[in-house]
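Remarks on the overall topology
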Amino acid sequence: MSSSDIFIGEIIGTAVLILLGGGVVAAVVLKRSKAQNAGWLAITFGWGFAVMIAVYMTGTLSGAHLNPAVTVGIAVKDGDWSNVPVYIAGQLLGAMLGAALVWIAYYGQFKAHLTDPEIIAAPPHEEGLVSEEAAPKAGPVLGVFSTGPEVRVVWQNLATEIIGTIVLVLAVLTQGLNDSGKGLGVIGALIVALTVVGIGLSLGGPTGYAINPARDLGPRIVHALLPLPNKGGSDWGYAWIPVVGPLVGGAIAAGIYNIAFA
């Protein structure tokens, strides 16, 4: 795979991942959406299908990492870091593009939701604070773009992202890689997609399971830039957790793989 193939493949694949994954969240939470209130099962399976479709679409082009944690995990496993910057750059740009496409696809629903008197008048969500101390509030549509904790306990939120990503990257390294070991294979794509569903069902409750730095950071940047009225803040105080946690989890998963499976 050339650097240009990797870059283009990761942009396309990650954009599709976020378009379909962010799209299912928008479908469930936004007013005037036909799928409003479809629930957590719809979101978890929507993200799983998003992973599967994006991987099948771009696996032959870039290996379909679509996630800096996966890229770091494979680099730690192999000791080859030469293409890591290209992968991550493509993933971040693709995630931003996908988030912008969600906004376009649901433009009318965003407008209806954010101008609804009930939404505007609703008190800010306290994110499950265990004290009365002030903290950044997630805006009424931030969850379409990025993740946030239900209970804001830093060490727990970080640990949850690390644990979830260890499960994901171990599944990639043990079951998901193609014959070259540089990306996801045909059967591996299905296994990893089902793993994402499983993580969402079992470990997604505390933080919304980012398990992917690009998936969270890219759309959060787009949320901050989009001209959405009454959109609320982008919660930058929390933003480091879904970046650092998955990167640490990916590296730990690769270490476990090298000790136990290699």
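Here, the structure is the one placed above.
What comes next is a walk through the structure. (Residues numbered from 1 in each chain as written. Predicted model: local features only at pLDDT ≥ 70, side-chain atom pairs only at ≥ 80, totals over all residues. Heavy atoms only, no water.)

1. Focus on the environment of Gly-94
- Looking at the secondary structure, you find Gly-94 in helix H4 (residues 84–105).
- Note: C-alpha distance between Gly-94 and Leu-19 (75 residues apart in sequence) is 9.6 Å.
- Leaving out residues up to four positions away in the same chain, Gly-94 has contacts with Ile-11, Thr-14 and Ala-15. (Helix = DSSP H or I, 4+ residues; strand = E, 2+ residues; numbered from the N terminus. Contact = heavy atoms within 4.5 Å.)

2. Observations concerning empty space enclosed by the protein
- One pass over the full model with this rule turns up two cavities of 30 Å³ or more.
- The calculated volume of the largest cavity comes to roughly 40 Å³.
- In terms of lining residues, the largest cavity is bounded by Ile-18, Gly-22, Trp-47, Ala-99, Val-102, Val-144, Phe-145, Arg-215 and Pro-219.
- Residue assignment for the lining of the largest cavity shows that the elements contributing at least two residues are helix H1 (3–29), H4, helix H7 (142–145) and helix H10 (213–225).
- Within the lining of the largest cavity, the residues separate by chemical class into seven nonpolar, one polar and one charged.
- Taken as a whole, the second largest cavity spans an internal volume of roughly 30 Å³.
- Of all elements in the fold, only helix H8 (154–176) and helix H9 (186–203) reach the threshold of two or more residues within the lining of the second largest cavity.
- A total of three residues in the lining of the second largest cavity trace back to one element, the largest contributor, which is H8.
- In the lining of the second largest cavity, the residues fall into four nonpolar, three polar and one charged. (1 Å grid on protein atoms, 1.4 Å probe; cavity = no way out; pocket = protein on both sides within 12 Å on 5 of 7 lines; lining within 4 Å. Points joined across faces, edges and corners; volume = space filled by probe spheres on them. Nonpolar A, V, L, I, M, F, W, Y, C, P; charged D, E, K, R; others polar.)

3. Focus: the layout of surface pockets
- The computed volume of the second largest pocket comes to approximately 200 Å³.
- Lining of the second largest pocket is provided by 14 residues; of these, His-65, Asp-80, Asn-83, Tyr-87 and Lys-182 occupy positions nearest its centre.
- Of all elements in the fold, only helix H3 (68–78) and H4 reach the threshold of two or more residues within the lining of the second largest pocket.
- For the lining of the second largest pocket, the element with the most residues is H3, which contributes four residues.
- A breakdown of the residues in the lining of the second largest pocket according to their chemical character gives seven nonpolar, four polar and three charged.

4. Quick look at the pattern of salt bridges
- Scanning the model with the defined rule gives five salt bridges in all.
- Notably, a salt bridge pairs Lys-77 with Asp-78, separated by 2.7 Å at the nearest N-O pair.
- Looking at Asp-78, the relative accessible area reads 33%, which means it is partly exposed.
- Two residues, Asp-216 and Arg-220, come together in a salt bridge whose shortest N-O distance is 2.7 Å. Of this pair, Asp-216 and Arg-220 are both found in helix H10, four residues apart, which corresponds to roughly one turn of the helix. The pair formed by Asp-216 and Arg-220 is uniform in burial state, with each residue classed as buried. (Salt bridge = Lys/Arg side-chain N within 4 Å of Asp/Glu carboxyl O. Buried < 20%, exposed > 50% of the residue type's maximum accessible area, 1.4 Å probe, protein only.)

5. A closer look at the nonpolar core
- Ranked by internal contacts, the top residues of the largest apolar core, which has 56 residues, are Leu-17, Trp-47, Phe-110, Val-144 and Phe-145.
- Once you skip the residues sitting within four places of it in the chain, Phe-145 turns out to touch Ala-99, Phe-110, Arg-215, Asp-216, Pro-219, Arg-220, Val-222, His-223, Leu-226 and Leu-228. (Core = buried A, V, L, I, M, F, W, Y, C linked by side-chain atoms within 4.5 Å.)

6. What about the side chain of His-65?
- Mapped onto the elements of the fold, His-65 is located in the loop between helix H2 (40–62) and H3.
- We classify His-65 as buried; its relative accessible area is 7%.
- A polar atom in the side chain of His-65 sits 2.9 Å from the side chain of Thr-71.
- Apart from the residues within four sequence positions on either side, His-65 is in contact with Glu-10, Val-70, Thr-71, Ile-74, Tyr-87, Gln-91, Lys-182 and Gly-183. (Polar contact = N/O pair within 3.5 Å; in protein donor to acceptor, adjacent residues only side chain to side chain.)

7. Observations concerning the packing of aromatic side chains
- A complete count under the given rule lists five aromatic pairs for this structure.
- Between Phe-45 and Phe-49 the ring centres are 6.4 Å apart and the planes differ by 45°, which places this aromatic pair in the tilted class. On the criterion of helical spacing, the pair formed by Phe-45 and Phe-49 is a turn pair, its members being four residues apart in helix H2. (Phe/Tyr/Trp six-rings, centres within 6.5 Å; stacked < 30°, edge-to-face > 60°.)

Without other data, these values stay purely geometric and don't point to any function.
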